[in-house]
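# Commentary on secondary and tertiary structure
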Amino acid sequence: MPGKKLWLLIQYIGRVLIFLILLTLLLPKLAVICDIWISSIIRDEEKPNGNPMRVESHSWKEFVADLIPGSDSDPEP
């Protein structure tokens, strides 16, 4: 019986060591991937596509709910 418990302890320590070795190999690669992903998001926010001199005005019709019913039509004289 003591030999079996010793063998389970050695297996557990071996699994932990293998996990730590894989973590040290894969964690820097994961950090590089996250850095590229986050920097691309920041770059897209700083330099949006399209004409920067164009001003877009949104009409009232694009809202989901009408605040004042009938406000989208021209008023009658």
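Higher on the page you've got the structure.
Quick caveat: nothing in here was measured; it's all calculated off a predicted structure.

## Points about the overall build of the protein chain
When its secondary structure is counted, the protein chain shows 1 helix and 0 strands. A buried classification covers 0% of the 77 residues belonging to the protein chain. Total accessible area on the protein chain is roughly 8300 Å²; 68% of this is exposed by carbon and sulfur atoms.

## A word on the environment of Thr-24
With respect to the helices and strands, the residue Thr-24 is situated in helix α1 (residues 2–46). Among the polar contacts listed, one links the side chain of Thr-24 to the backbone oxygen of Ile-21, at a separation of 2.7 Å.

About the thresholds
Residues numbered from 1 in each chain as written. Predicted model: local features only at pLDDT ≥ 70, side-chain atom pairs only at ≥ 80, totals over all residues. Heavy atoms only, no water. Helix = DSSP H or I, 4+ residues; strand = E, 2+ residues; numbered from the N terminus. Buried < 20%, exposed > 50% of the residue type's maximum accessible area, 1.4 Å probe, protein only. Areas by Shrake-Rupley, 256 points an atom, 1.4 Å probe, with all protein chains shown as cover. Polar contact = N/O pair within 3.5 Å; in protein donor to acceptor, adjacent residues only side chain to side chain.

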